Structure formats: structure tokens, C-alpha cells
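# Secondary and tertiary structure notes
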Amino acid sequence: MPRRAASAALPLPDLVVLVLQGGGALGAFQAGVYEALIELGIELDWVAGISIGAVNAAIIAGNERDQAVGKMREFWDGVSSALPALPMVDNDLLREWTHLAAAGQVAAFGVPGFFTPRFLPPAFAPRQTPEAVSFYDTAPLVKTLDRLVDWDRVNNGKVRLSVGAVAVETGNFRYFDTKIETLDARHILASGALPPGLPPVEIDGIWYWDGGLVSNTPLEHVVEAAHEDMLVFQVDLFPARGERPHDMEEAWSREKDIRFSSRTRRISDGLVRRRKEHRLIDRMLDKLPPEFTSLPEVKAVRKMVDCKALNLVQLIHQPPKWQTGARDFEFSRSTMETNWALGRTAVEAAMKDGHLLAESIAEGRSGSFAVQSDALRPKPDLDI
């Protein structure tokens with residue numbers, strides 16, 4: 001049965017999850033999404049993230065709901081403080097060039113409270129050390145996280161936290177999850193340790209890199225680990241659809257969108273396909289004669305295909321034309337504010353047709369929705 005409907009804009013199922021991708025500076029879009037969801041009275045039970053999504057997720061899980069937005073604002077104001085606001089002019093070409101210049105400044109000098117260039121180039125560092133395989137030092141991020149995140153709340157609070165990383169030596173993907181272990185700043189850094197820029201993080205003798213190398217969305221982990229009716233808000237930082245590129249810069253940008261969004265689409269499509277198969281098997285089991293229903297094999301299959309209602313809402317970042325392929329490492333203040341505002345706008349657009357989602361939740365059905373154009377639209381090809 002839906003719960004918390006009296007205070008929220010939607011009837012909420014047993015489990016409400018926020019899924020956050022990797023995408024560097026585009027993480028400000030996630031912050032805007034979270035702020036808008038909180039204003040709608042939507043309480044989260046679980047937040048899962050990869051890379052910058054892990055940073056935002058830790059801040060959410062590590063603070064009281066009413067304080068988390070302020071802590072996220074403190075983080076994003078801090079990492080954008082060294083770059084001046086880009087000129088807010090109605091000229092895409094000018095904004096594109098200043099956008100690229102700001103990204104160049106990040107590459108040269110790093111991001112305050114996040115990462116700084118190493119004093120010595122990697123070639124001069126001892127071999128097989130983090131310093132030898134990365135250009136930047138993420139020690140500033142440890143201090144930032146320890147200041148903004150209450151780790152006791154992360155590990156013992158009401159909001160479950162999961163972050164994904166990949167083991168360097170085996171290539172195995174792993175989720176660090178507060179339901180089964182204690183997390184600290186190392187796990188967040190590991191999830192965002194994108195090579196060769198950022199250093200691997202050692203946990204229990206194993207080096208970890210950015211989880212986005214394998215999967216840029218924690219959706220599959222969330223769905224496979226949950227056993228309740230749930231509502232998932234998935235924040236996609238790279239759109240699958242886009243225009244034919246006009247030049248090399250647009251080709252760079254479009255290539256990056258396809259590369260990252262394709263992984264998310266593959267996981268989403270596989271998830272939907274499995275749920276359709278499970279529902280078909282479930283209907284077939286209902287047709288079995290009574291004498292077969294008690295067989296151990298039938299009971300095992302019934303348990304395997306027991307699908308709870310899942311409503312998936314995709315909130316997709318649609319970058320302005322002047323945001324180039326460098327938009328994931330361009331941390332200027334004005335671009336951060338633009339991305340934050342776009343996150344809020346995506347939620348507001350979803351709520352224009354929020355009754356479609358509300359009906360699906362209230363009736364215990366499953367559905368897949370995306371913010372298309374300026375409103376929430378069901379995705380019939382992904383109907384689950």
C-alpha cells in the first residue's frame with residue numbers, strides 16, 4: 001500500500017530510491033533534482049551512486065533531510081569557487097568558448113576541495129603507487145567529505161547508501177553498501193577514482209577505480225537487491241538522443257553521450273526484459289494443476305520470478321547547446337548554477353503529468369517513465 005501520501009506530492013510505495021550516475025561537474029544537476037524532490041515531500045529510503053553520484057549520495061545519506069540540500073549547496077559552491085561565472089550572454093558560440101576555457105583551467109589547476117595537480121609528474125613517482133598512475137591528488141576531497149558528511153548517520157541512519165567501484169586487478173565490479181558493511185570517505189573516493197586523472201583507492205588491500213568504467217548506473221544493483229514495491233528516480237546525466245553533430249566539438253560531445261548512456265540503456269533494457277519474462281513465467285505457473293504447485297522446483301521458480309511493482313522515472317539532463325564535451329569537468333559557478341536549475345526543471349516537468357505516475361503507484365502496477373520534451377511520459381517500449 002502507498003504510504004506518506006498525506007505529505008508528499010505522490011503516493012509513495014514501500015521503497016523510494018534515488019539512483020545517481022557518474023558525470024563529474026554534471027552532478028550539480030543531481031543536486032537540483034534532490035532539492036526539488038525534497039520540496040515535494042518525497043522521502044528517500046535508499047540512495048545509490050557512482051562517481052560524483054556517490055559524492056552526492058553520501059551527502060544525502062549523511063545528513064538530516066532538511067540539512068542535506070544545504071550541505072550539497074556548500075559542496076557545489078566550494079568546488080566552483082575558483083572559477084569566475086561565465087558571461088550569461090545570449091550567444092552560444094561565446095559561451096562555448098568560455099566554457100572550454102573554464103574546463104582548461106580545471107585541467108591545469110584542479111578543483112578546490114576536490115582534487116589538485118600533483119607536484120611531481122607520475123613518471124617521477126615510485127612505481128606501482130597511486131602517485132605513479134594518476135595526475136591529480138584527491139586528498140582535498142577526503143577533508144571535504146569528512147566536513148560535510150556524518151559517517152555515523154551514513155552507517156546507522158534511515159537512508160541506505162550504496163556506491164559502486166571496480167577492482168583494478170580483477171576488473172570485478174563491487175557495491176559497497178551500508179546494509180552489509182561500514183562505509184567511510186575511502187569508499188566514496190574509490191567509486192569516483194577515474195583513471196588516469198584520479199588515483200586508485202586501496203580498501204582491504206585491493207585497489208579500486210571508478211565504477212563508471214563498468215557501469216555508470218546503480219539501477220541493476222538496486223532492483224536485484226530490493227524485495228518491495230518501489231519507486232526509483234534515475235538521474236541520467238548523458239542523454240541517449242541528440243542531434244547530428246555539426247563539427248568536431250559536437251562530435252566529441254555526442255560520442256560521450258552515446259558512450260555513457262548506452263550502458264544505462266543496456267541495463268534498463270535488460271532489467272525490463274527479465275521482468276517481462278518473469279511475469280510470463282508467473283502467469284504460466286498459475287495455470288499449473290494444484291498437484292504440481294507444492295513441488296519444490298515449482299516453489300523455487302515461483303520465488304525466483306516474484307516481481308514486486310517497480311515504477312522507474314528517468315530524469316534526463318539535456319545540456320544547453322553551449323555545453324561541450326568538456327561539460328563533465330567544467331566547474332565554473334555559472335555552469336554549476338545552470339545545471340542545478342536544470343535538475344529542478346526536470347522534476348517540475350515530471351510533475352506536470354505526475355498523475356500518470358501516481359495512478360501507477362496507487363494501483364500497484366509497474367511502469368517506466370521519462371521526462372520527454374517538457375513533461376513526464378510513459379515509455380511504452382519499456383512498459384513493465
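Residues numbered from 1 in each chain as written. Predicted model: local features only at pLDDT ≥ 70, side-chain atom pairs only at ≥ 80, totals over all residues. Heavy atoms only, no water.

Glancing now at the environment of Ser360. As for its placement among the helices and strands, Ser360 is situated in helix H12 (residues 354–362). Residues Ser360 and Ser162, 198 residues apart in the sequence, show an inter-C-alpha distance of 27 Å. Setting aside its immediate chain neighbours within four residues, Ser360 contacts Asn311, Arg365, Ser366, Gly367 and Phe369. (Helix = DSSP H or I, 4+ residues; strand = E, 2+ residues; numbered from the N terminus. Contact = heavy atoms within 4.5 Å.)

Take Thr264: it is sitting in helix H9 (residues 248–286). Thr264 sits 59 residues away from Gly205 along the chain, and the two C-alpha atoms are 30 Å apart. If near-sequence neighbours (up to four positions away) are discounted, Thr264 is found in contact with Gln21, Thr217, Gln234 and Asp236.

Below, the discussion takes up the UniProt feature "short sequence motif: GXGXXG" (unreviewed entry) in the chain. UniProt feature "short sequence motif: GXGXXG" (unreviewed entry): in the numbering of this structure it lies at residues 22–27. Secondary structure within residues 22–27 divides into 17% helix and 0% strand; the distance between the first and last C-alpha atoms comes to 7 Å. (UniProt positions renumbered as here; feature names shortened; annotations may be inferred.)

Let us now look at helix H2 (residues 52–61). Extensive coverage of H2 is indicated by the burial of 10 of its 10 residues. Taken as a whole, H2 has its buried residues at Ile52, Gly53, Ala54, Val55, Asn56, Ala57, Ala58, Ile59, Ile60 and Ala61. (Buried < 20%, exposed > 50% of the residue type's maximum accessible area, 1.4 Å probe, protein only.)

Right, let's talk about the packing of aromatic side chains for a bit. A complete count under the given rule lists 9 aromatic pairs for this structure. Ring geometry for Phe75 versus Trp76: centroids 5.2 Å apart, planes at 90°, classification edge-to-face. A residue is classified by how much of its surface remains accessible, and Phe75, at 2% relative accessible area, is buried. Centroid distance Phe114 to Phe331: 6.0 Å. Interplanar angle 80°. Geometry classified as edge-to-face. Here the residue Phe114 occupies a position in the loop between helix H4 (92–109) and strand S3 (116–117), and Phe331 occupies one in the loop between strand S10 (310–316) and helix H11 (333–352), the gap between them amounting to 217 residues. Judged by relative accessible area, which is 9%, Phe114 ranks as buried. (Phe/Tyr/Trp six-rings, centres within 6.5 Å; stacked < 30°, edge-to-face > 60°.)

In this section: H11. For H11, spanning 20 residues, the distance from its first C-alpha to its last is 29 Å, which sits close to the expected 28 Å at 1.5 Å a residue. Listed as buried for H11 are Ser334, Thr335, Met336, Thr338, Asn339, Trp340, Gly343, Ala346, Val347, Ala349 and Ala350. (Expected span 1.5 Å × (residues − 1).)

What follows concerns the nonpolar core. Ranked by internal contacts, the top residues of the largest apolar core, which has 80 residues, are Leu18, Phe75, Trp76, Leu161 and Phe233. The contact partners of Leu161, leaving out residues within four places of it in the chain, are Trp46, Val47, Ala57, Ala58, Ala61, Val154, Phe176, Asp177, Thr178, Leu183 and Ile188. Grouped together as the second largest cluster of nonpolar side chains are 14 residues, Ala48, Val222, Met230 and Leu312 included. (Core = buried A, V, L, I, M, F, W, Y, C linked by side-chain atoms within 4.5 Å.)

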